[in-house]
Amino acid sequence: MYQLIKALKAAGEPTRLRILTALTQYELTVTELVSLLGQSQPRVSRHLKLLLEAGLVSRFQEGSWVFQRLNESNLTAQITRMIDLHDPALKKDSDRLGRIKVENARLATDYFAANAGDWDQVRNMVGSDENIEVAMLEQIGDRNFQSMIDMGTGTGRIVEIFANRAAKITGYDSSQEMLKLARSKFEQAGLSHCQARLGDITALPATDASADLITIHQVLHYLDSPFAVIEEARRLLTPDGLILIVDFAKHQHEFLRTEHAHRRLGFANSEIQFWCENNQLSLEHSQKLTHNDSRDGLDVMLWILKSKSK
Ligand SMILES: C[S@@+](CC[C@H](N)C(=O)[O-])C[C@H]1O[C@@H](n2cnc3c(N)ncnc32)[C@H](O)[C@@H]1O
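Keep in mind that what you see is a predicted model, and the values were worked out from it rather than measured. (Residues numbered from 1 in each chain as written. Predicted model: local features only at pLDDT ≥ 70, side-chain atom pairs only at ≥ 80, totals over all residues. Heavy atoms only, no water.)

Draft legend 1. Spotlight on the pattern of salt bridges. Per the counting criterion, the structure on display carries 27 salt bridges. A salt bridge links arginine 264 to glutamate 62, with the shortest nitrogen-to-oxygen separation between them at 2.9 Å. With arginine 264 in the loop between helix H12 (255-260) and helix H13 (269-277) and glutamate 62 in strand S2 (residues 57-62), the pair connects residues that are 202 residues apart, well separated along the chain. For the pair formed by arginine 264 and glutamate 62, the shared burial category is buried. For lysine 250, the salt bridge goes to glutamate 271, with nearest N and O atoms at 3.7 Å. Linking lysine 250 in the loop between strand S8 (237-248) and H12 with glutamate 271 in helix H13, this pair joins segments that are 21 residues apart in sequence. Among the residues examined, glutamate 271 registers a relative accessible area of 7% and is labelled buried. (Salt bridge = Lys/Arg side-chain N within 4 Å of Asp/Glu carboxyl O. Helix = DSSP H or I, 4+ residues; strand = E, 2+ residues; numbered from the N terminus. Buried < 20%, exposed > 50% of the residue type's maximum accessible area, 1.4 Å probe, protein only.)

Given below as structure tokens:
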């Protein structure tokens, strides 16, 4: 009874209800909450402390950023289910949050527009190389695929290395500059079954259960909502399909945020596991990969996800 009263008291205040509503959409830093709510940092921190103590919210630190997320509990779910998202004040917050997220994404968009021409060189520096590509191919064995989707395809390198393993491949990216290079790469290599298409990988113009192989190579750490990409991959996956994710293991290299537009400092196995559990996926395999430039704890991981319905 005491815990319930504490939670209801914590949620029963306008600013804290706005925070809870915002966290139903994204994991947010205190800075983002300050700019959303238009209140001072100490005030926002006081509200967060009450939500944390009531067990409605939890926080996790990643380098110098601290993210807040909703707790996975029945109580949190019950309270957030009562929120009317059409409420005018909450709708206004949601629009403002959308603008904050667009601005965050712009940093990465600008980075890729500026680096598109050099990407095939830069990508080796920031966590991609031949060893990793070989390991990805090894993991799929001799299986061939009908329809592959490469999410965040960039210059199309991953499409290129899987080109003879799938009857049809579509690489999606939000950067026109990257896509232009991917298209000319496919044309030059005579890969007429491979396409590069414009699309936001959290909402792709592709039908449900239409891909039996989905690759997400060094993309998730650029996103505010990597979880939304996993949800989208789940929607697109056929029942017997595979999702291959390559990204950094958890690390502390802040310079990747400031110099290379990363948002997330890698991912722990437990986080991938958590996304799987929430999406009817199973984590079939995880593997630390050798990276040519693997220094100071900057490790690259490969994760393979499968649909649970299989
Ligand atoms: C680090 S590059 C990786 C490219 C490619 N997978 C590779 O390994 O060479 C990340 C790519 O993700 C794309 N990207 C980031 N956010 C995206 C989004 N929301 N929708 C589509 N593409 C996105 C960027 O434009 C960029 O080309």
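Draft legend 2. View of the environment of leucine 298. Here leucine 298 is to be found in the loop between strand S9 (281-289) and strand S10 (300-307). Looking at leucine 298, the relative accessible area reads 1%, which means it is buried.

Draft legend 3. Structural detail: the sheet that holds strand S5 (residues 166-173). Reading across the sheet, the seven strands line up as S6-S5-S4-S7-S8-S10-S9 and stay open at both edges, with mixed pairing between neighbours. Taken across any chain shown, the strands that pair with only one partner, and hence form the sheet edges, are strand S6 (194-198) and S9. Between one strand axis and the next, the sheet turns by 20° as a mean value, whatever way the strands run. Examined bridge by bridge, strand S4 (residues 145-151) and S5 share six bridges and lie parallel to one another. Residue pairing in the sheet places methionine 151 in a bridge with tyrosine 172 of S5. Its contacts with the sheet place helix H11 (residues 226-236) against S4, strand S7 (211-217), S8, S9 and S10, and it is angled at close to 150° to S8. (Pairing = 2+ DSSP bridges. Axes fitted to C-alpha atoms, helices over the stretch in contact; angles between N-to-C directions. Contact = heavy atoms within 4.5 Å.)

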